[in-house]
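# Coordinates in review
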Number of protein chains: 2
Amino acid sequence: MPIEGMLVDLSGVFYVGGDVLPGAREALLRLRQMNKPFRFVTNTSRKCRAEVVSRLHVMGLDVEPHEVLTAPLAGRHWIETRGLRPHLLVHPELLPDFVGIKTSPANAVFMGDAGETFSYDNLNAAFRVLQTGAPLVAVARNRYFQESDGLSLDLGPFVAALEFATRTKAVIVGKPSAEFYTAAVESMALDPREVIMVGDDLEADVLGALDAGLRAALVRTGKYRESDEASLQGTAAMVFDNVYEMLLNI
Amino acid sequence: MPIEGMLVDLSGVFYVGGDVLPGAREALLRLRQMNKPFRFVTNTSRKCRAEVVSRLHVMGLDVEPHEVLTAPLAGRHWIETRGLRPHLLVHPELLPDFVGIKTSPANAVFMGDAGETFSYDNLNAAFRVLQTGAPLVAVARNRYFQESDGLSLDLGPFVAALEFATRTKAVIVGKPSAEFYTAAVESMALDPREVIMVGDDLEADVLGALDAGLRAALVRTGKYRESDEASLQGTAAMVFDNVYEMLLNI
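Residues numbered from 1 in each chain as written. Chains lettered and ligands numbered in written order. Predicted model: local features only at pLDDT ≥ 70, side-chain atom pairs only at ≥ 80, totals over all residues. Heavy atoms only, no water.

With that settled, consider the pattern of salt bridges. Tallying each qualifying case throughout the model produces 28 salt bridges over all chains. For Arg193 of chain B, the salt bridge goes to Asp191 of chain B, with nearest N and O atoms at 3.0 Å. Here Arg193 of chain B falls in the partly exposed class, since its relative accessible area comes to 49%. Residue class for Asp191 of chain B comes out partly exposed when judged on its relative accessible area of 24%. Linked by salt bridges that have partners in common, Asp9, Lys175 and Asp205 of chain A make up one network. (Salt bridge = Lys/Arg side-chain N within 4 Å of Asp/Glu carboxyl O. Buried < 20%, exposed > 50% of the residue type's maximum accessible area, 1.4 Å probe, protein only.)

Shown next, in the form of structure tokens:
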């Protein structure tokens with residue numbers, strides 16, 4: 001089956017921090033020349049999609065909002081298709097992505113990486129909504145991330161806290177969940193077997209996509225570690241030096 | 001083997017909220033007349049021992065500080081016997097119980113029920129200490145507690161958060177841990193088989209004590225539910241209507 005569509009991770013593939021990776025602009029050009037549907041996919045939940053796009057523009061990467069599928073927007077879709085009204089436990093900068101959604105009376109809880117907004121009172125308010133039997137929907141389960149002065153708590157520990165308090169399991173709507181990959185593939189009206197996902201994160205990008213029935217490629221940029229390749233032995237995943245090389249060879 | 005010492009829970013056994021239970025004062029009198037060592041044991045970690053004792057006095061229950069063993073003080077003992085310097089993630093009102101302990105440079109984390117002190121920044125600071133390989137020591141793993149306006153998050157979810165972030169397990173120093181019961185028995189210089197624990201909490205009080213090799217009795221006051229008795233079938237636990245009746249019959 002030929003490859004008819006592409007899902008492309010952003011951070012660690014096109015840039016690291018605020019720096020564009022070598023070949024990234026050429027890769028973007030090539031992506032457009034291939035004339036096949038594609039989506040940029042990201043788990044970012046500390047900023048809204050408009051801000052993600054704006055920062056790409058600043059780096060000289062001209063990406064359109066409709067080309068970017070973020071995990072919070074996938075979450076909004078999950079919630080809206082079920083007619084739920086989410087209590088939002090998210091970073092204030094994410095709120096633009098939830099404009100117009102009905103949130104009251106809440107019958108679901110939606111969690112992003114809220115950072116300092118994870119206060120006792122905010123967590124307790126979410127807990128009380130969950131006590132009514134509302135489902136817990138979370139972007140991801142990441143444990144921590146690197147900051148300039150050390151590692152810091154990501155969303156995962158706070159998801160674990162509410163799961164423990166309520167004896168339930170959260171629905172994960174971002175990478176590596178099959179929910180996320182299925183929605184991304186459906187947005188291009190393709191079959192998962194025709195779509196390749198490329199990223200630098202072994203679990204979220206490559207193994208998650210394979211589990212959801214897509215093809216997958218790991219790039220040797222960003223958080224890639226040589227040991228990742230051993231974990232791909234026996235899978236159908238491909239490995240490339242960078243995203244430009246991948247686009248030239250599929 | 002005759003019973004030579006007693007461990008007695010406080011909340012739900014002598015009082016509920018701010019109300020003394022019927023027979024509680026008589027039970028306290030009887031306890032003193034029996035002329036056997038005893039300790040009041042409690043998992044409370046939102047206030048220091050002096051405050052626990054002071055509130056008992058207000059209720060007309062004259063208890064001496066040295067008769068009360070709290071889980072935070074058991075934690076302090078656990079930490080000090082190992083020469084550790086704890087980063088304290090606790091309620092401000094608990095701090096008097098930790099006066100004089102060396103906390104810097106931290107090589108352990110001690111968690112009580114910190115309530116609103118569980119902010120993102122405070123949790124992250126504890127996480128960074130744990131990243132150095134320091135052990136996580138926690139009073140308990142309770143999920144939630146009843147407040148006047150609903151259930152609220154207890155310590156357990158925040159322990160679960162840091163456990164998830166660091167892929168480690170906390171040492172629990174309060175009830176129902178064997179650590180706690182063993183320390184309480186040792187403080188009376190007795191054998192566990194000579195000591196009976198009485199309380200209203202099936203797991204923390206009765207099953208925890210039995211697991212640590214003590215005898216145990218459940219009282220039908222406080223958070224007792226009739227269904228608790230089925231869980232005690234086949235164990236050596238006794239059941240009494242209240243603590244006074246228990247003291248008259250052992």
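After presenting the structure, the write-up continues.
With that out of the way, let us pick up the packing of aromatic side chains. Per the counting criterion, the structure on display carries 14 aromatic pairs over all chains. With centroids separated by 5.7 Å and ring planes inclined at 85°, the aromatic side chains of Phe180 of chain B and Tyr181 of chain B adopt a geometry described as edge-to-face. Counting every residue linked through ring pairs, the aromatic cluster contains Phe14, Phe38 and Phe40 of chain A. The cationic tip of Arg143 of chain A hangs over the ring face of Phe164 of chain B; the distance from NZ or CZ to the ring centre is 4.3 Å. Sitting above the plane of the Trp78 of chain B ring, Arg82 of chain B keeps its charged end 3.9 Å from the centroid. (Phe/Tyr/Trp six-rings, centres within 6.5 Å; stacked < 30°, edge-to-face > 60°. Lys NZ or Arg CZ within 6 Å of the ring centre and 35° of its normal.)

Residues and elements named next belong to chain B. If you walk across this open sheet you meet the 4 strands as β6-β7-β8-β11, and the pairing is parallel. Edge positions in the sheet fall to β6 (86-89) and β11 (171-172), since each of these pairs with one other strand and no more. Packed on one face of the sheet, helix α3 (residues 71-81) meets β6, β7 (108-111), β8 (136-138) and β11 and runs near 170° to β7. Contacts from helix α4 (residues 120-130) reach β6, β7 and β8, with the element oriented near 160° to β6. (Pairing = 2+ DSSP bridges. Helix = DSSP H or I, 4+ residues; strand = E, 2+ residues; numbered from the N terminus. Contact = heavy atoms within 4.5 Å. Axes fitted to C-alpha atoms, helices over the stretch in contact; angles between N-to-C directions.)

What follows covers the interface of chain B and chain A. At the interface, 31 residues of chain B touch 31 residues of chain A. When chain B packs against chain A, close to 2700 Å² is buried across both sides, 60% of that on carbon and sulfur atoms. Three residues stand out in chain B for area buried against chain A, namely Tyr120, Arg143 and Phe164 of chain B, and they jointly supply 29% of the buried area on that side. Counting the contacts that link chain B with chain A gives 4 salt bridges. Glu147 of chain B is the salt-bridge partner of Arg128 of chain A, the closest N and O atoms lying 3.8 Å from each other. Taken together, the links from chain B to chain A amount to 16 residue pairs in polar contact (both at pLDDT 80 or more). With 8 residues, the top contributor of residues to the side of chain B that touches chain A is helix α5 (residues 156-166) of chain B. Taken together, the residues of the side of chain B that touches chain A sort by class into 15 nonpolar, 7 polar and 9 charged. (Buried area = accessible area lost by both parts, 1.4 Å probe. Polar contact = N/O pair within 3.5 Å; in protein donor to acceptor, adjacent residues only side chain to side chain. Nonpolar A, V, L, I, M, F, W, Y, C, P; charged D, E, K, R; others polar.)

So, about the pairing of β7 of chain B. All names here are of chain B. Neither face of β7 is left uncovered, since the one carrying Ala108 and Phe110 and the one carrying Val109 and Met111 both have all their residues buried. Two elements, β6 and β7, share 4 bridges in a ladder whose sense is parallel. Opposite Pro86, over in β7, you have Ala108 as the bridge partner. Note that β7 and β8 share 3 bridges and pair parallel. What sits directly across from Phe110, in β8, is Val137. Remark: the β7/α4/β8 crossover connection has right-handed handedness. (Right-handed = clockwise from strand over helix to strand, strands pointing away.)

The next thing to look at is the relation of the copies chain B and chain A. For the pair chain B and chain A, the relating rotation is 180°, the translation along its axis is 0.0 Å, and the fit reaches an RMSD of 0.0 Å. The transformation relating the two chain copies, once decomposed into turn and shift, fits a two-fold axis. (Least-squares fit on C-alpha atoms with pLDDT ≥ 70 in both.)

This part is about the domain arrangement of chain A. All names here are of chain A. In terms of domain boundaries, chain A breaks down into domain 1 (5-43 + 175-249) and domain 2 (81-172). Once you take the C-alpha centre of each, domain 1 and domain 2 turn out to be 27 Å apart. At the interface, 4 residues of domain 1 touch 4 residues of domain 2. Counting the surface domain 1 buries against domain 2, the share from its top three residues, Asn43, Ser177 and Glu179, is 78%. The interface formed by domain 1 and domain 2 contains 0 salt bridges. Remark: the boundary between domain 1 and domain 2 carries 1 residue pair in polar contact (both at pLDDT 80 or more). Residues that form the side of domain 1 that touches domain 2 fall into these classes: no nonpolar, 2 polar and 2 charged. (Domains from an automatic or database assignment.)

Residue and element names in this part refer to chain B. Listing the buried residues of helix α1 (residues 24-33) in full gives Ala24, Ala27, Leu28 and Leu31. Viewed along the axis of α1, the buried residues span an arc of 100°, placing them on a single side of the element. The exposed set on the far side of α1, more than 90 degrees from its buried face, consists of Leu29 and Gln33. Looking at the buried positions of α1, the neighbouring elements they touch are β1 (5-9), β3 (19-20), β4 (38-42) and α9 (243-249). Of the residues trailing α1, Asn35 is marked for its positive phi of about 55°. (Arc of directions from axis to C-beta.)

Our focus in this paragraph is the packing of α4 of chain B against α5 of chain B. Residue and element names in this part refer to chain B. One way to put it is that α4 packs onto α5 with a least axis distance of 10 Å and a crossing angle of 45°. Considering their axes alone, α4 and α5 lie oblique with respect to each other. In this structure, α4 meets α5 at a crossing whose hand is right-handed. Residue-level inspection shows Leu123, Ala126, Phe127 and Leu130 of α4 in contact with α5, the latter providing Phe158, Leu162, Ala165 and Thr166. Taken together, the residues of the contact of α4 with α5 sort by class into 7 nonpolar, 1 polar and no charged. (Parallel < 35°, antiparallel > 145°, perpendicular 65-115°, else oblique. Left-handed = near helix turned anticlockwise from the far one by under 90°.)

Here Asp228 of chain B is to be found in helix α8 (residues 228-231). Setting aside anything within four residues of it in sequence, one finds Asp228 of chain B in contact with Leu202, Leu218 and Lys223 of chain B.

Another point: unusual backbone geometry. Residue and element names in this part refer to chain A. In this chain, Ser104 is followed by Pro105 through a cis amide linkage whose omega measures -5°. Mapped onto the fold, Pro105 is located in the loop between β6 (86-89) and β7 (108-111). That bond from Lys175 to Pro176 is cis: its omega, 5°, falls within 30 degrees of zero. Considering the arrangement of structural elements, one finds Pro176 in the loop between β11 (171-172) and α6 (178-186). Although it is not a glycine, Asn35 sits at a positive phi angle of roughly 60°. If you trace the backbone, Asn35 turns up in the loop between α1 (24-33) and β4 (38-42). Among the residues examined, Asn35 registers a relative accessible area of 71% and is labelled exposed.

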